[in-house]
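Single-letter residue listing:
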Amino acid sequence: MKKILAAIFLLSAGFAQAADPLAPTGRWTGYSSGRAATPPMGWNSWNAFASAVDEDKVMGSARRIVDSGLARKGYHYINLDDGWAAKRRVADGHLMIRADKFPSAANKKTPTFKPYTDKLHAMGLKAGIYSDMGRNTCAQAWSATDEDLPKGSVAEREVGLHDFIEQDIDLYFREWGFDYIKVDGCGLRDFGPNSAKVKAGQARALDPIMDLGAISRTDVPGVQGLFRRVGAAIERSRPNGDFVYSLCIWGAANVRAWAKDVGNTSRTSDDIAPAWGRLLVNYDSAVHRALYAHPGSWNDPDMLYIGAGDFDADHLTEARSHFALWAMLNSPLLIGADLRKTPDALMDILGNADIIALDQDAAGNQATVAYDSSDLQILVKTLGNGDKAVAVFNRGSGAIDVNLQATQLRFRGDAPVEMTDLWTKKQVSFTKETQLRVAPRETAVFRAHGTRMLANGVYLSEQPGQVNPAVDGVTRPVADPAIFRTAAGWGGTRGAGDRPQYAGWGGARADSAPYGQTLQVARKTFAAGIGVLVNSRLEVRNGGHQRFTAQVGVDDSATDKANAVTFSANYWRNRIP
Ligand code: GLA
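Note that the structure is predicted; figures quoted are calculated from it, not measured.

Visitor: Just to check I follow, could you spell out the state of the cysteines for this structure?
Guide: Should the sulfur atoms of two cysteines be covalently bonded, the bond is a disulfide. What the rule picks out here adds up to one disulfide. Here Cys138 pairs with Cys186 through a disulfide, and the sulfurs are 1.9 Å apart. Disulfide Cys138-Cys186: torsion about the S-S bond near 90°, hence right-handed. Taken together, the positions of Cys138 in helix 5 (residues 138–142) and Cys186 in the loop between strand 7 (180–184) and helix 7 (196–199) put the pair 48 residues apart, joining distant regions of the chain. Of the two residues, Cys138 and Cys186, both sit in the buried class. With no disulfide of its own, Cys248 lies closest to Cys138 among cysteine sulfurs, the gap being 6.4 Å. For Cys248, a relative accessible area of 1% puts it in the buried group.

Below you can see the structure in the form of structure tokens.
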């Protein structure tokens, strides 16, 4: 008989009890539409080509994906990012393709991507497209030149979804045959009356409803409503459910808390750059968010930048770390390199089947942080067969000697642990603890087999993919600069720097209290458990377990202990899908 043991700790914040959202539903309410039971894998044009994308470049990478065997390993989606649109035809709102760049689209009076998606499908691949939730795209907001941007009148340049949601989605999915859409958000934030493009008469003003730097200036329900409408339109245009819906608003509008209910992947930070510091920022934006990812909906710290800058063939340690960390986070694995020119050493990293298997493990548990310090982190993820994946990540610039303990893996310290190094394939066996040295910026990654600490069960925090913080107690997002800081990758050192930006963090964490403290009730600390704010409701999907046991209490870190807290649990047999 298996059982689940959960330790749940509530922080009392003293808010009035809102009865309805806390009432149990007996259903799993996390997003499960589309085809993202495991994180999507493939390629995207943006990091390699920005808006200067064309059919040859895309097809060249698609061919290499097939010829190199990466497609067989799961890399299926070939995603066109910003830069494909010529304009919107004003008479009927139809979107026009840059047929000079996509010759296969050109043979018809109205260019169509159907021959292009047919070709990708015939290669055994899937096709992705890009749009923006506003009237204009991010390149239209930020590009230094006009060269690759839509041309024509202000109305013709409005290639974003905003006023054409149902029409455009139907065009993409039903008429053109795309299988994946990335929906960006610059149109909702960058075209206020004072924007340079608006002032220059190139774009119509759209009062920003989203502000990356200030949740107080963001209309969270408004943003969420638009993204839900797009999701509903996709389901109508693709009734067989063969789609991936990818949200790209970089953590703004409190999206980290609600994307798990709305789409298949959601960006947690601003754009990655081929620089180590930037990798850290993007990784940090997702690493404490394990409870906000589940099969069907994943945190997205952005595409892989393997192949450029700090992750090129002269920086294999950094490139390997990038890959291993993204796999531990259950991030989408979207290659961002021009694969026509990618050296074999990097292709080998992208093709490491043992590490891909961690990302694609059917249990869908994002890794949790077992050890955390400024320079070193140990991430652990529970795999479907009970093995653990372990990543020992050296963030810093000096080598670090590490004692890795069986208990950090929730394995017994008095029974042997067998581990395989997934880079070198070397086997290690140890009892209690083992020593290893990790070089600067290295990530050692292992698959480990041992004896569970809970003889016939798992802690809830070992299976975050089966826990949904349906209500996470954040009644009003508040700034907490200590927790999350995003930085624009292109800012240089001008101005005041990148101030801490906060747009809603959410309030549920695995193995820690919501604000990062050690779980502790009445001075007793707990290594395993879930930390949530008061007024939370967790849904737990139960993979065949017989018993649920919980120890609950108010964490010592709670700031307001005067109010009473009620804990309740409901159980539905065979009713949760
Ligand atoms: C935003 C997104 C990027 C990319 C560009 C395209 O910056 O975050 O991933 O799609 O827009 O303009």
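There's plenty left to go through after this.
Visitor: For this particular structure, what's the right way to read helix 10 (residues 276–287)?
Guide: Taking 1.5 Å of rise per residue, the 12 residues of helix 10 would be expected to cover 16 Å, and the 16 Å separating its terminal C-alpha atoms lies within 8% of that figure. Along helix 10, 10 of the 12 residues are buried, which leaves the element largely enclosed by surrounding structure. Inspection of helix 10 places Trp276, Arg278, Leu279, Leu280, Val281, Asn282, Tyr283, Ser285, Ala286 and Val287 among the buried residues, and these make up the whole buried set. If you follow the buried residues of helix 10, they end up packed against helix 9 (255–258), strand 10 (298–300), helix 11 (316–328), strand 12 (368–372), strand 13 (376–382) and strand 14 (388–394).

Visitor: Before we go on, may I ask you to explain the confidence of the model for the protein chain in this structure?
Guide: Detailed reading of the predicted coordinates is not advisable wherever pLDDT falls low. Of all residues in the protein chain, 91% attain a pLDDT of 70 or more, and the chain-wide mean is 91. Confidence over residues 1–18 falls short of pLDDT 50; this stretch has 84 contacts with residues more than four positions distant or in other chains. Predicted confidence is poor over residues 481–485, with pLDDT under 50, and the contacts of this stretch with residues over four places away or in other chains come to 12 contacts.

Visitor: Just to check I follow, could you spell out the environment of Gly34 for this structure?
Guide: One can find Gly34 in the loop between helix 1 (19–22) and strand 2 (41–44). For Gly34, a relative accessible area of 18% corresponds to the buried category. Distance from Gly34 to Met59, taken between C-alpha atoms, is 25 Å for residues 25 residues apart in sequence.

Visitor: What am I meant to see in the sheet that holds strand 12 here?
Guide: Strand pairing in a sheet relies on backbone hydrogen bonds. The paired strands run either parallel or antiparallel. Reading across from one edge, 12-13-14-19-16-17 is the order of the six strands in this open sheet, with antiparallel pairing throughout. Looking at the sheet topology across the chains shown, the edges are occupied by strand 12 and strand 17 (427–431). The sheet shows a mean angle of 25° between the axes of neighbouring strands, direction not considered. One ladder, built from five bridges, connects strand 16 (residues 416–421) with strand 17; its direction is antiparallel. Each bridged residue has a counterpart across the sheet, and for Pro416 the counterpart in strand 17 is Thr431. In the packing of helix 10 onto the sheet, the strands contacted are strand 12, strand 13 and strand 14, and the crossing angle to strand 14 comes to about 140°. Helix 11 rests against strand 13, strand 14 and strand 19 (443–449) of the sheet, and its axis sits at about 45° to strand 13.

Visitor: Could you clarify how one ought to interpret the site of the ligand in this entry?
Guide: Every one of the 13 residues lining the ligand counts as a neighbour, but Asp81, Asp82, Lys182, Asp184 and Asp271 are closest to it. Taking Arg267, its side chain carries an N or O atom lying 3.2 Å from an oxygen atom of the ligand. One of the side-chain N or O atoms of Asp271 is found 2.5 Å from an oxygen atom in the ligand. Calculation on the ligand without its partners gives an accessible area of 310 Å², and the protein chains cover 95% of this total. Among the secondary structure elements, those contributing two or more residues to the shell around the ligand are helix 5 and strand 7. Its residues assigned to classes, the shell around the ligand shows seven nonpolar, no polar and six charged.

Visitor: Looking at this structure, how should I read the pairing of strand 15 (residues 400–405)?
Guide: It is a general feature of regular strands that their side chains alternate between the two faces of the sheet. Of the two faces of strand 15, only the one carrying Ile400, Val402 and Leu404 is buried; Asp401, Asn403 and Gln405 on the other face are not. Of the strand pairs in this sheet, strand 15 and strand 18 (residues 433–438) are connected by six bridges, and their pairing is antiparallel. Bridge pairing links Asn403 to Gln435 in strand 18.

Visitor: Looking at this structure, how should I read the sheet that holds strand 9 (residues 265–267)?
Guide: In space, the eight strands of this open sheet follow the order 10-9-8-7-6-3-2-11, with parallel pairing throughout. Across the chains shown, the open sheet's two edge strands, defined by having one partner strand only, are strand 10 and strand 11 (333–335). The mean inter-strand angle of the sheet, taken between neighbouring strand axes irrespective of direction, is 25°. Of the strand pairs in this sheet, strand 7 and strand 8 (residues 244–248) are connected by five bridges, and their pairing is parallel. By the bridge assignment for strand 8, Lys182 is matched with Ser246. Contacting strand 3 (77–79) and strand 6 (126–132), helix 4 (residues 114–122) crosses the sheet at an angle of about 140° to strand 6.

Visitor: Where do I start with the packing of helix 3 (residues 55–67) against helix 4 in this structure?
Guide: For any two helices packed against each other, one specifies the inter-axial angle together with the distance between the axes. In contact at an axis separation of 11 Å, helix 3 and helix 4 are set at 10° when each is read in the N-to-C sense. One element, helix 3, and the other, helix 4, form an angle in the roughly parallel class. For the pair helix 3 and helix 4, the sense of crossing is right-handed. The residues of helix 4 that touch helix 3, namely those facing Glu55, Val58, Met59 and Ala62, are Tyr116, Lys119 and Leu120.

Thresholds, definitions, all that
Residue numbers here run from 1 along each chain, matching the order of that chain's written sequence. In view of the model being predicted, local features appear only for residues whose pLDDT reaches at least 70, and side-chain atom pairs are presented and counted only at 80 or more, with totals across whole chains, interfaces and linings using the full set of residues. As a rule here, side-chain values come from all non-hydrogen atoms in the structure, and water together with hydrogens is ignored. Working definition: a disulfide is two cysteine sulfur atoms within 2.5 Å of each other. Where helices and strands are cited, they refer to DSSP runs of H or I of at least four residues and of E of at least two residues respectively, numbered from the N terminus. Using a 1.4 Å probe on the protein chains alone, a residue whose accessible area is under 20% of its type maximum counts as buried, one over 50% counts as exposed, and one in between counts as partly exposed. Expected helix span is taken as 1.5 Å per residue step, with the number of steps being one fewer than the number of residues. When checking whether two residues touch, look at their non-hydrogen atoms; a contact exists if any pair is within 4.5 Å. One confidence number per residue, pLDDT, is output by the predictor and ranges from 0 to 100. For two strands to be treated as a pair, DSSP must find at least two bridges joining them. All axes are obtained by fitting lines to C-alpha atoms, using only the stretch in contact for helices, and the reported angles, taken between N-to-C directions, cover 0 to 180 degrees. Only a single heavy atom is needed: when it lies within 4 Å of a molecule or strand, its residue is near that molecule or strand. Counting of polar contacts relies on pairs of N or O atoms within 3.5 Å, with two restrictions inside protein: one atom must be capable of donating a hydrogen and the other of accepting it, and residues adjacent in sequence are counted only when both atoms are side-chain atoms. Exposure was quantified through the Shrake-Rupley algorithm and a 1.4 Å probe, taking into account, for residues, occlusion by the shown protein chains and nothing else. Only Asp, Glu, Lys and Arg are considered charged in this grouping, and only Ala, Val, Leu, Ile, Met, Phe, Trp, Tyr, Cys and Pro are considered nonpolar; every other residue, Gly among them, is considered polar. Comment on the angle field: the value is read as roughly parallel under 35 degrees, roughly antiparallel over 145, roughly perpendicular from 65 to 115, and oblique elsewhere. Handedness of a helix crossing follows the sense of rotation of the near helix relative to the far helix, less than a right angle counterclockwise being left-handed and clockwise being right-handed.

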